Amino acid sequence: MAAIPTTIPPPIGEAPARPRRRRRERTTVAGLRRSLQRHWTLYLLMVVPLIWFVVFKYIPMSNAVLAFKDYNVIQGIWGSPWIGWQNFEVFFHNPVFWTLVKNTFVLSVYTVAASFPLAIVLALALNEIRTGFFKKTVQMVTYAPYFISTVVVVSMTILVLSPRLGIVNEGLGLFGVPAVDFLGNPDYFRHIYVWSDVWQTTGYSAVIYLAALSGIDPALHESAKIDGASRLQRIRHVDLPGIMPTAVIILVLAVGNIMAIGFEKAFLLQNPLNLSKSEIIATYVYKTGLLNADFSMATAIGLFNSVINLVLLFGVNTIAKRITGNGLWS
């Protein structure tokens, strides 16, 4: 008698799984080889940026091990004794821990909430302007502050809000209002920080949305006009959906950096009087690492901050992708 086969053959017209996988891998490798041969100049241009990222971004990540060690200058990073999570425990039990987290989080959320919608509103308004000279003038006036350095912006802010010579207090004095020490009052710090940042960055952010608006098909506006849609209705139903993918990506990136708010402006606007609201994680890391020479603790705080940002980035990206269908990797 003939032996009965012990394996079940695949259905008719269906190839075995392993050869199909090998065929797919072979096709991918062949496609990559053809792409390299055809676009080798573009890949060559990518070499320098990749080297820069590896040297200045990825290799320094290995030094994050300093957060788990008691750093000694003589022994070096890798020779210093291992102490595990001790630096993190000390930071978490520090009385200023929750104050730092709160100040950083509130200041960052306030900045995103104020700057994100204003940039969209400015871009939509500029997109509706038909007078070329006025449109270019507004763009120049709103875009120019982006090129002013943070040090100069802070110096201008201090001069404008000075209790004795500031323009704001001079104007208040005309109405009999006594001079106000804006930079010495902690309650004013966040407003000064955020709205000076809005003034400096809104014009630059609007340019990105203007580029997205220019990619919208004009036929959609023509169809909306034929249907009797007003200008506001066309903005709502044509322009806003057209820039939504760009807006979602910018919002996800902004929220992903919500705990990494800029150090320079906060440190320069900081003084002993407003320290209760102006002390954030970035300024505390600077004082701990460079001024107090506690490099292990500063690295631990910075690593904690980076992990929080990474979690927020992935979380917000997941939520945005489920709600809008757009994300960083969609």
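Up top you'll find the structure we're talking about.
Residues numbered from 1 in each chain as written. Predicted model: local features only at pLDDT ≥ 70, side-chain atom pairs only at ≥ 80, totals over all residues. Heavy atoms only, no water.

(A) Just the overall build of the chain, in detail. What the chain contains, in helices and strands, is 15 helices and zero strands. Principal-axis analysis of the C-alpha atoms gives the chain an extent of 115 × 75 × 40 Å. When burial is assessed residue by residue, the chain has 30% of its 330 residues classed as buried. Long-range contacts, defined here as pairs at least 24 residues apart, represent 63% of the contacts in the chain between residues at least 6 apart. Of the roughly 21500 Å² that the chain leaves accessible, carbon and sulfur atoms contribute 68%. Distance between charge centroids for the chain: 13 Å, based on 27 positive and 16 negative side chains. (Helix = DSSP H or I, 4+ residues; strand = E, 2+ residues; numbered from the N terminus. Buried < 20%, exposed > 50% of the residue type's maximum accessible area, 1.4 Å probe, protein only. Contact = heavy atoms within 4.5 Å. Areas by Shrake-Rupley, 256 points an atom, 1.4 Å probe, with all protein chains shown as cover. Lys, Arg positive; Asp, Glu negative; His and termini not counted. Charge placed at Lys NZ, Arg CZ, Asp CG, Glu CD.)

(B) Representation of the packing of helix 11 (residues 231–256) against helix 15 (residues 295–324) within the structure. Contact pair helix 11 / helix 15: the axes reach a minimum separation of 8 Å and the direction vectors enclose 155°. Accordingly, the angle class assigned to the pair helix 11 and helix 15 is roughly antiparallel. Where helix 11 crosses over helix 15, the handedness of that crossing is right-handed. Only N309, L312, L313, V316, N317, A320 and T324 of helix 15 make contact with helix 11, whose side of the interface consists of V248, V252, V255 and G256. For the contact of helix 11 with helix 15, a count of residues per class yields seven nonpolar, four polar and no charged. (Axes fitted to C-alpha atoms, helices over the stretch in contact; angles between N-to-C directions. Parallel < 35°, antiparallel > 145°, perpendicular 65-115°, else oblique. Left-handed = near helix turned anticlockwise from the far one by under 90°. Nonpolar A, V, L, I, M, F, W, Y, C, P; charged D, E, K, R; others polar.)

(C) Representation of unusual backbone geometry in the model. Not every positive phi belongs to a glycine, and A293 is a case in point at roughly 60°. For A293, the position within the fold is in the loop between helix 14 (281–291) and helix 15. For A293, a relative accessible area of 47% translates into the label partly exposed.

(D) Seen up close, the nonpolar core. The biggest cluster of nonpolar side chains holds 20 residues, and the ones touching the most others in it are F116, I120, A123, Y209, L213 and I243. Elements that contribute at least two residues to this core include exactly helix 5 (97–128), helix 9 (186–214) and helix 11. Here this core gets eight residues from one element, more than from any other, and that element is helix 5. With residues near it in sequence (within four places) discarded, L213 still touches A123, L124, N127, D239 and I243. (Core = buried A, V, L, I, M, F, W, Y, C linked by side-chain atoms within 4.5 Å.)

(E) View of the side chain of N305. As for its position among the elements, N305 is in helix 15. Among the residues examined, N305 registers a relative accessible area of 10% and is labelled buried. Sequence-distant contacts of N305, defined by excluding residues within four places in its chain, comprise M259, A260 and I281.

(F) Local environment of a nonpolar patch on the surface. Taken together, the side chains of W40, L44, V47, I51, W52, F53, V54, V55, F56, Y58, I59 and M61 make up a nonpolar region of the molecular surface, amounting to roughly 1300 Å² of accessible area. With respect to the secondary-structure elements, F53 resides in helix 2 (residues 40–58). (Patch = residues over 30% accessible without salt bridge, like charges linked within 9 Å, V, L, I, M, F, W, Y side chains within 5 Å. Salt bridge = Lys/Arg side-chain N within 4 Å of Asp/Glu carboxyl O.)

(G) Quick look at the packing of helix 14 against helix 15. As a packed pair, helix 14 and helix 15 sit with axes 7 Å apart at the nearest point and diverge in direction by 160°. Judged on the interaxial angle alone, helix 15 and helix 14 are roughly antiparallel. Judged by the twist between their axes, the crossing of helix 14 over helix 15 is left-handed. Here helix 14 contributes I281, Y284, V285, T288, G289 and L290 to the contact with helix 15, which in turn contributes F295, M297, A298, I301, G302 and N305. Broken down by class, the residue content of the contact of helix 14 with helix 15 amounts to eight nonpolar, four polar and no charged.

(H) Up close: the packing of aromatic side chains. By the definition in use, this model includes 26 aromatic pairs. Pairing W85 with F88 gives two aromatic rings, centres 5.4 Å apart and planes at 55°, and the pair type is tilted. Here a set of aromatic residues connected by ring pairs shows up, and it is made of F68, W82, W85, F88, F91, F92, F97, W98, Y284 and F304. Between the NZ or CZ atom of K265 and the centre of the ring of Y193, over which it lies, the distance is 5.5 Å. (Phe/Tyr/Trp six-rings, centres within 6.5 Å; stacked < 30°, edge-to-face > 60°. Lys NZ or Arg CZ within 6 Å of the ring centre and 35° of its normal.)

(I) Quick peek at the pattern of salt bridges. Using the criterion set out here, one finds four salt bridges in the structure. E128 is the partner of R231 in a salt bridge, and the nearest nitrogen-oxygen pair spans 3.4 Å. Placement of the pair is R231 in helix 11 and E128 in helix 5, with a sequence separation of 103 residues. Overall, E128 belongs to the buried group, its relative accessible area being 9%. A salt bridge links K265 to D197; its shortest N-O distance comes to 3.8 Å. Of this pair, K265 sits in helix 12 (residues 263–269) while D197 sits in helix 9, and the two are 68 residues apart along the sequence.

Keep in mind that these numbers describe shape and distance, not what the molecule does.
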